[in-house]
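One-letter residues, chain by chain:
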Amino acid sequence: IIGFSVLYISAPIQLCIMRNSSRSGKERVPTEVINRMATRIEPPDGSKPRNFFEKFNITINPYHFKCDSCDKQSKVVGKIQTILEQAINSPVPPKEELTPQQVAEMEKEKDLLREETLMCRLHQIDLLLRKLVGAVGRVDKKNCKKANDARKRIVKQMKQ
């Protein structure tokens, strides 16, 4: 049984880039990567029912540790300890073992969803190909039948 907690360090992107600029060689991260990661990383949200691993979280700012006041630093460290204790005292129970019948039902449901997705994509592709056939027909009526036959072959191949 495991307890989860998240320590999220909310550093302003300008600070990350500034600190990164003092690095050299392999330690230096390309600025594009820092910018991309800043848009992708999300702060923890323990309110979502399925985010059990984010239930116990704390967000800190690196400026908390730059101040002259030890009192502020102590409060942050105290909060971190509290979150860790809560996580340790609230372990995530292991998943229940599924019966072979439950596993088979889940696989069947996955297959149906995959088939629905494929049919939806196939339909979208067919519509796009039909538009292309129409465009060919407007430009060169002689090749319209060839384009439509090609569309039919593509759709048939994708169904297999």
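Just above sits the structure.
Let me begin by describing the structure that accompanies this report. Because the structure is predicted, anything quoted here is derived from the model rather than measured. (Residues numbered from 1 in each chain as written. Predicted model: local features only at pLDDT ≥ 70, side-chain atom pairs only at ≥ 80, totals over all residues. Heavy atoms only, no water.)

### Quick look at the overall build of the protein
Heads up, the condition is: Each helix corresponds to a stretch of at least 4 residues labelled H or I by DSSP, and each strand to a stretch of at least 2 residues labelled E; elements are numbered beginning at the N terminus. Here's how the labels work: a residue is buried when its accessible area is under 20% of the maximum for its type, exposed when over 50%, partly exposed in between, all with a 1.4 Å probe on protein chains only. In what follows, a contact means two residues having at least one pair of non-hydrogen atoms within 4.5 Å. Computed with the Shrake-Rupley method and a 1.4 Å probe, the accessible areas treat only the protein chains shown as cover for residues. Counting rule for charge: Lys and Arg are taken as positive, Asp and Glu as negative, and neither His nor the chain ends is counted. Every charge is mapped to an atom, namely NZ of Lys, CZ of Arg, CG of Asp or CD of Glu.
When helices and strands are counted, the protein shows five helices and two strands. Going residue by residue from the N terminus, the α and β elements of the protein occur as β-α-α-β-α-α-α. Sorting the 160 residues of the protein into buried and exposed places 14% on the buried side. Here the contacts in the protein between residues at least 6 apart in sequence split such that 59% fall between residues at least 24 apart. Per element, the accessible surface of the protein, about 13,300 Å² overall, is 56% carbon and sulfur. Across the protein, the 30 positively charged side chains and the 19 negatively charged ones have centroids separated by 11 Å.

### A word on the packing of helix H1 (residues 13-21) against helix H2 (residues 31-40)
This is how it is decided: The convention used is that axes are lines fitted to C-alpha atoms, helices contributing only their stretch in contact, and that angles between N-to-C directions extend from 0 to 180 degrees. Note on angle classes: values under 35 degrees are labelled roughly parallel, values over 145 roughly antiparallel, values of 65 to 115 roughly perpendicular, and the remainder oblique. Crossings are classed by handedness, with left-handed meaning an anticlockwise turn of the near helix from the far one by less than a right angle and right-handed meaning a clockwise turn. Three residue categories are used. Nonpolar comprises Ala, Val, Leu, Ile, Met, Phe, Trp, Tyr, Cys and Pro, charged comprises Asp, Glu, Lys and Arg, and polar comprises the others, including Gly.
Where H1 contacts H2, the two axes come as close as 10 Å, and the packing angle between them is 155°. On the basis of the axis angle, H1 is roughly antiparallel to H2. Considering how the two elements wind past one another, H1 and H2 form a crossing that is right-handed. Here Ile13, Cys16, Ile17 and Asn20 of H1 lie close against H2, whose contacting residues are Thr31, Ile34, Asn35 and Ala38. In the contact of H1 with H2, the residues fall into five nonpolar, three polar and no charged.

### Regarding the environment of Phe53
With respect to the element layout, Phe53 can be found in the loop between H2 and strand S2 (57-60). Considered as a pair, Phe53 and His123 are 70 residues apart in the sequence and their alpha carbons are 39 Å apart. Not counting the four nearest positions on each side in its chain, Phe53 is found in contact with Phe4, Ser5 and Val6.

### Some points on the packing of helix H4 (residues 100-139) against helix H5 (residues 144-159)
Where H4 meets H5, the closest approach of the two axes is 9 Å, and the angle between their N-to-C directions is 170°. Considering their axes alone, H4 and H5 lie roughly antiparallel with respect to each other. Residue-level inspection shows Leu122, Ile125, Asp126, Leu129, Arg130, Val133, Val136 and Gly137 of H4 in contact with H5, the latter providing Cys144, Ala147, Asn148, Arg151, Ile154, Val155, Met158 and Lys159. Its residues assigned to classes, the contact of H4 with H5 comprises 10 nonpolar, two polar and four charged.

### Notes on H5
For the record, the criterion: A helix is expected to span 1.5 Å for every residue after the first. The directions considered for the arc run from the helix axis to the C-beta atoms.
In this model H5 runs 23 Å from its N-terminal to its C-terminal C-alpha over 16 residues, within 8% of the 22 Å that 1.5 Å per residue would give. Where H5 is concerned, the buried positions are Ala147, Arg151 and Val155. For H5, the arc enclosing every buried residue in end-on projection is 75°, short of the 170-degree limit, so these residues lie on one face. Pointing more than 90 degrees away from the buried face of H5 are the exposed residues Lys145, Lys146, Arg153, Lys156 and Gln157. Elements that come into contact with the buried residues of H5 comprise H4.

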